[in-house]
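Here is how the chains run, residue by residue.
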Amino acid sequence: MKTLSIKRLIAFVLVIGLCAGNLARAADAKVTAFLADAQARFDKRDYPGAIIQLKNVLQIDPKTLPALILLGKSLLRASDPAGAEVTLNEALLRGGDRAELLPLIAQSLIAQGKQKQVFEQGRFAATDLPGATRAQLLLLRAGASADVGELREAMKFIDAARVLDPHTPDSWVAEVPVRIRMRQFKEANIAVERATAMAPNSADALYYRGSVSHVEGNSAAALTAYDKAVKADPDHIGALLARTGIYIDLKRNADAIKDLDELRRISPTDPRAAYLRALLAERDRKLGDVRVALVEITELLDQIPLDYIRFRPQVLMLNGLAHFGLNEPEKAKVYFEAFQKVQPDAPTAKMLAQIYLRGTDHDRAVDVLEKYLKAQPADGQAMALLGSALMAKGQTARAAALMQQALQTRESPEFRKVLGLSLMQGGQTASAIKELETAFRNDPRQVQAATTLIPLYFRSGQSVKAIALAEKLVKLQPANAGFQNLLGMVRANAGNIPAARLAFEQAVKIKPDFSQPILNLARMDLASKSYDAAAARLASILKAEPKNTEAMYEMATLSDRRGNRKEAVGWLDKAYNLSGPRELRWGLALSDYHLRQGNAPAALAAAKGISAKEPEDLQGLLALARAQLATGDLASARSSLNVATRVGDFNPKVQVDIALMQITANNMPGAVYSLEKAQSKEPDFLPALVLKTDIELRQGESAKAEKHARDILAKYPKLAVGHSLLGDIAQKNNQPAAAADFYRRAHNLQPSTDTFLRLYRSLGNQEGGKPANLLATLWLKGNPKDSRAHNEVADTLARNGRYAEARIAYVALLKIAPENSLALNNLANVLLRLKDPEAVKVAEQAVATDPSSANAIDTLGWTLLQNGQNERALKVLKDAKLRDPASSEIRYHLGAALARGGLLKEAKEELDLALKQGRPFDGSSDALELRRSLN
């Protein structure tokens, strides 16, 4: 490498030096231009533009102190306090003026929710700074103390600042909001007077004068003060916002709009102005504008970390209200909860309680309302909400007492409504109706009172009142699709199907996307077997609402009616999988459907899913117990029922239902315990008395059973049940004549299907069955549509080998119950005995009605075999065996079909398995003879 001579080196250095000097001068010029432009933008409140220019400066020279300071100020004004803190600390490290920078750094910390750092860091208590700066820092520390609720500490800082700088109004102005929070309005007014005396044209002092008058309820004085503040400083945002709020309260909408336009010019992104715009739009019923304004608020405030605003109650409340107005309760809850920590006695407690109630967090709803009511004991809305929360917790008596206490202070339809609802939940139907009627009569806006009254009227046999009330609601609000739908439901319950359909159709006409009336119309289509119409309606709902589980359930019903069991299960599965964590309806429906189809393992799986969601839900526990019983797991069923007994509390009806299942689970002590719980609440609860007597009879304690049966007869002499029980006891004691006598007394006293069946069965062995036949003829003549009676008579005739008469009886039954698959199956067997070729056709009808029934499939296979259709019979009987492999009769029939088809080895295996259990079955002797013939 060649080296440069000394002359050439010097020349080179000089050239380089000259270039560097030129570059430096060019850079200085750019820095100066950028700084000047940044300052101009800052003065015009164009903070984003200022930030860009200042970053350009710092890219050229990162050490430019004026740029760092102005950037920190710009970031602070542009709502980036974290960036401001970093930048201002950098400026401090580079020798910036502490007197200028420390107050700015304190402001950036406060804006980030780091209030404690302001009064914990020693640098903000610097004693070497000028008095005015120290006073400014003390006032900032006062504000930070007030933010965290340390109001007395805040006053100490304010007093200390006043000593340092007694000639400015700043300390007096700072004192006002602290005094307002302490509810010390007299002292606040004194502070305002001192501030305005020192600075009569101070916009801040005038604004706070208005604030004191505002919180004292003197709107006229507040408005005067706000006018003066705006006159002193036309850009005073606080005064403009407060004045706009009063204009809206006074319905001076034109003035409010002027101020809002001015606020948009001064601070276009202020969320408080957006909220006021939403209030105005709501008043004018411009719902689209309301939503736009609320969305604007949430978009502005959601991006701010919650820690930054946790000590800014106004901002927390504002975003909570915006999310609440947008029906976003979970988002609103976060802000309301943070706000309540700062101001627990604020009215937003009521909104937070409503959110808790929606989410079934009843304990927290009660807690927040009770705290609020301690500060605001006369707030009727809060009292009504607390009553609703107590009801949701099951504390109906406490809710009723609270509302009765509230009504002693003042008459209120809202209190009457909640009292009525609590009385209804407590089982006091008559009193509930009275309170709800009063609530709605005094205030027709109490719609919940009316909609609750309607089903109460139905349950108490007052259907005319229910229809009249529903029609009144429709008359009050004819364009309300919900009321039209309710009217349709009321008419349908009253049996007026054409009128109900008209109401549902009117609801859809008013609101075409309202799925509930469309669902109701689909249900009516299902009931009238208009399956295609039902399918079209349900498909339209699911197209608009793909996750509508109610429509899926109805689709399952439709599939079931059409005989597509697999598709029905698919719809129920889908509804169950889409249901929420506390939604049990579809799991219960799925388990129940599997049970009805004889698929106990699948029913058990669904019931376990319910139990996993809500381990102590009563209906879930009962579904689990039913499935466990169906699978033969009696021990687990007993365990589930024991929990259900505890969860069912002392509800008599529930405990009787549990006792019946305990009997099936062979847990007599558990059944007795459930009945004792039922009787502890209602000693003379008849179903409990009857079942207890039945248990004693099952356990062979006839003397005890008879005593209790006679006690029942004495307590309820006009009812048949006492005589029926005595008949059961006589039957158990092998006293047929006495049993028939008791049954006859019961039937004469209270003729019913149950009393007929008992008497009919008891007469079956008397005089060759003639008395039973006569009784049946007379009963069926008077009750031709009694399907249970028809079925009993037909079954009895078939059992007794009177097949021709049984055929007539089954045909009569099927005329009133054409889809009775068991009756069709039994008729097919009777026709087979009569060697009637129609047996195959009827057996096919039975299978079509219940495709999953192994018994019906077996009957079809056997009739096919008897009619010479060997190949088809073999296929059908194999299907029957797969569905019920434990049935000896099915295996015998399959063995016979295999033998006829020449498959002797397989036939022997099936017959051996049929005969292996040793229990007799229909055709067992024929099966034994066939097996011997195959040796």
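Residues numbered from 1 in each chain as written. Predicted model: local features only at pLDDT ≥ 70, side-chain atom pairs only at ≥ 80, totals over all residues. Heavy atoms only, no water.

Caption draft 1: Layout of the overall build of the chain. When helices and strands are tallied, the chain shows 54 helices and zero strands. Relative to the 2.2 N^0.38 estimate, which gives 30 Å for 935 residues, the radius of gyration of the chain is 42 Å and therefore markedly larger than a compact globule would have. Its C-alpha atoms put the chain at 135 × 95 × 55 Å along the principal axes. Burial status across the chain gives 47% buried among its 935 residues. Long-range pairs, those at least 24 residues apart, make up 47% of the contacts in the chain with a sequence separation of at least 6. (Helix = DSSP H or I, 4+ residues; strand = E, 2+ residues; numbered from the N terminus. Rg over C-alpha atoms; globule rule 2.2 N^0.38 Å. Buried < 20%, exposed > 50% of the residue type's maximum accessible area, 1.4 Å probe, protein only. Contact = heavy atoms within 4.5 Å.)

Caption draft 2: A look at helix 52 (residues 888-900). With 13 residues, helix 52 should cover 18 Å at 1.5 Å per step; its first-to-last C-alpha distance of 18 Å lies within 8% of that length. Taken across its 13 residues, helix 52 has 11 buried, putting it largely inside the fold. All of the buried residues in helix 52 are Ser888, Ile890, Arg891, Tyr892, His893, Leu894, Gly895, Ala896, Ala897, Leu898 and Ala899. Residues of helix 52 that are buried sit in contact with helix 50 (854-866), helix 51 (870-883), helix 53 (904-916) and helix 54 (924-933). Of the residues one or two after helix 52, glycine 902 is the one with positive phi, at around 85°. (Expected span 1.5 Å × (residues − 1).)

Caption draft 3: Structural detail: the packing of aromatic side chains. In this structure the tally under the stated criterion is nine aromatic pairs. Among the aromatic residues, those joined into a ring-pair cluster are Tyr207, Tyr208 and Tyr226. Its end group placed over the ring of tryptophan 172, arginine 162 keeps NZ or CZ at 3.3 Å from the ring centre. The cationic tip of lysine 677 hangs over the ring face of phenylalanine 650; the distance from NZ or CZ to the ring centre is 4.8 Å. (Phe/Tyr/Trp six-rings, centres within 6.5 Å; stacked < 30°, edge-to-face > 60°. Lys NZ or Arg CZ within 6 Å of the ring centre and 35° of its normal.)

Caption draft 4: Structural context of the pattern of salt bridges. The tally for this structure, following the rule as stated, stands at 57 salt bridges. The closest approach of N and O atoms between arginine 364 and glutamate 337, which form a salt bridge, is 2.8 Å. Residue arginine 364 is found in helix 21 (residues 362-375), and its partner glutamate 337 is found in helix 19 (residues 329-342); the two are separated by 27 residues along the sequence. Residue class for arginine 364 comes out partly exposed when judged on its relative accessible area of 39%. Here glutamate 337 falls in the partly exposed class, since its relative accessible area comes to 21%. A salt bridge links glutamate 910 to arginine 891, with the nearest nitrogen and oxygen atoms 2.7 Å apart. Note that glutamate 910 is positioned in helix 53 and arginine 891 in helix 52, a separation of 19 residues in sequence. The buried category is assigned to glutamate 910, whose relative accessible area is 8%. (Salt bridge = Lys/Arg side-chain N within 4 Å of Asp/Glu carboxyl O.)

Caption draft 5: Examining the confidence of the model for the chain more closely. For the chain, per-residue confidence averages 88 on the pLDDT scale, and 97% of positions sit at 70 or higher. Counting contacts from residues 1-24, a segment whose pLDDT is below 50, to residues more than four positions away or on other chains yields one contact. (pLDDT = per-residue confidence, 0-100.)

Caption draft 6: Up close: the nonpolar core. One finds Phe756, Tyr760, Val793, Tyr810, Leu860 and Tyr892 to be the most contacted residues of the largest nonpolar core, which totals 74 residues. Other than its neighbours up to four places away in sequence, valine 793 contacts Phe756, Tyr760, Ala776 and Leu780. Core analysis: the next-biggest nonpolar cluster, separate from the first, contains 56 residues, Leu321, Leu385, Met391 and Leu407 among them. (Core = buried A, V, L, I, M, F, W, Y, C linked by side-chain atoms within 4.5 Å.)

Caption draft 7: Region of the structure containing the side chain of asparagine 319. Considering the arrangement of structural elements, one finds asparagine 319 in helix 18 (residues 313-325). Those residues in contact with asparagine 319 that sit more than four places away from it in its chain are Ile297, Thr298, Leu301, Asp302 and Tyr335.

Caption draft 8: Main features of helix 31 (residues 531-544). Between the first and last C-alpha of helix 31 there are 20 Å, a value that for 14 residues agrees with the 20 Å anticipated at 1.5 Å per step. On its buried face, helix 31 sits against helix 30 (515-527), helix 32 (549-561) and helix 33 (565-578).

Caption draft 9: Seen up close, unusual backbone geometry. Positive phi outside glycine occurs at asparagine 666, with the angle close to 60°. As for its placement among the helices and strands, asparagine 666 is situated in the loop between helix 38 (652-664) and helix 39 (668-681). With a phi close to 55°, lysine 835 is a non-glycine residue in the positive phi region. By the secondary structure assignment, lysine 835 is in the loop between helix 48 (821-833) and helix 49 (838-849). Residue classification places lysine 835 among the exposed residues on the basis of a relative accessible area of 76%.

Caption draft 10: Summary view of the environment of histidine 214. With respect to the secondary-structure elements, histidine 214 resides in helix 11 (residues 203-215). Residues histidine 214 and tyrosine 226 lie 12 residues apart in sequence; the distance between their C-alpha atoms is 9.9 Å. Discounting chain neighbours no more than four positions away, the residues touching histidine 214 are Ala222, Tyr226, Ala242 and Ile246.

Caption draft 11: Up close: the environment of methionine 182. Position of methionine 182 among the secondary structure elements: in the loop between helix 9 (170-181) and helix 10 (185-198). Taking C-alpha positions, methionine 182 is 48 Å from asparagine 480, a pair spaced 298 residues apart along the chain.

Caption draft 12: Up close: the packing of helix 32 against helix 33. As a packed pair, helix 32 and helix 33 sit with axes 7 Å apart at the nearest point and diverge in direction by 165°. The angle between helix 32 and helix 33 places the two elements in the roughly antiparallel class. In this structure, helix 32 meets helix 33 at a crossing whose hand is left-handed. Touching Thr549, Met552, Tyr553, Met555, Ala556, Ser559 and Asp560 of helix 32 are Arg565, Glu567, Ala568, Trp571, Leu572, Lys574, Ala575 and Leu578, all from helix 33. (Axes fitted to C-alpha atoms, helices over the stretch in contact; angles between N-to-C directions. Parallel < 35°, antiparallel > 145°, perpendicular 65-115°, else oblique. Left-handed = near helix turned anticlockwise from the far one by under 90°.)

Caption draft 13: Looking closely at the packing of helix 15 (residues 271-283) against helix 18. Interhelical geometry of helix 15 versus helix 18 gives an angle of 40° and a closest axis separation of 11 Å. Classified by the interaxial angle, the pair formed by helix 15 and helix 18 is oblique. In this structure, helix 15 crosses over helix 18, and the sense of that crossing is left-handed. The segment helix 15 lies against helix 18, with Pro271, Arg272 and Tyr275 engaging Gln314, Leu318 and Leu321. For the contact of helix 15 with helix 18, the per-class residue count stands at four nonpolar, one polar and one charged. (Nonpolar A, V, L, I, M, F, W, Y, C, P; charged D, E, K, R; others polar.)

Caption draft 14: Focus on the side chain of glutamine 484. Structurally, glutamine 484 can be placed in helix 28 (residues 481-493). Excluding anything up to four places from it in sequence, glutamine 484 contacts Val474, Pro478, Ala503, Gln506, Ala507 and Ile510.

Caption draft 15: Region of the structure containing the environment of arginine 312. Looking at the element boundaries, arginine 312 is found in the loop between helix 17 (306-309) and helix 18. Expressed as a C-alpha distance, the spacing of arginine 312 and serine 219, which sit 93 residues apart in the sequence, is 24 Å. Residue contacts for arginine 312: discarding those within four places in its chain leaves Ile110, Gln115 and Asp147.

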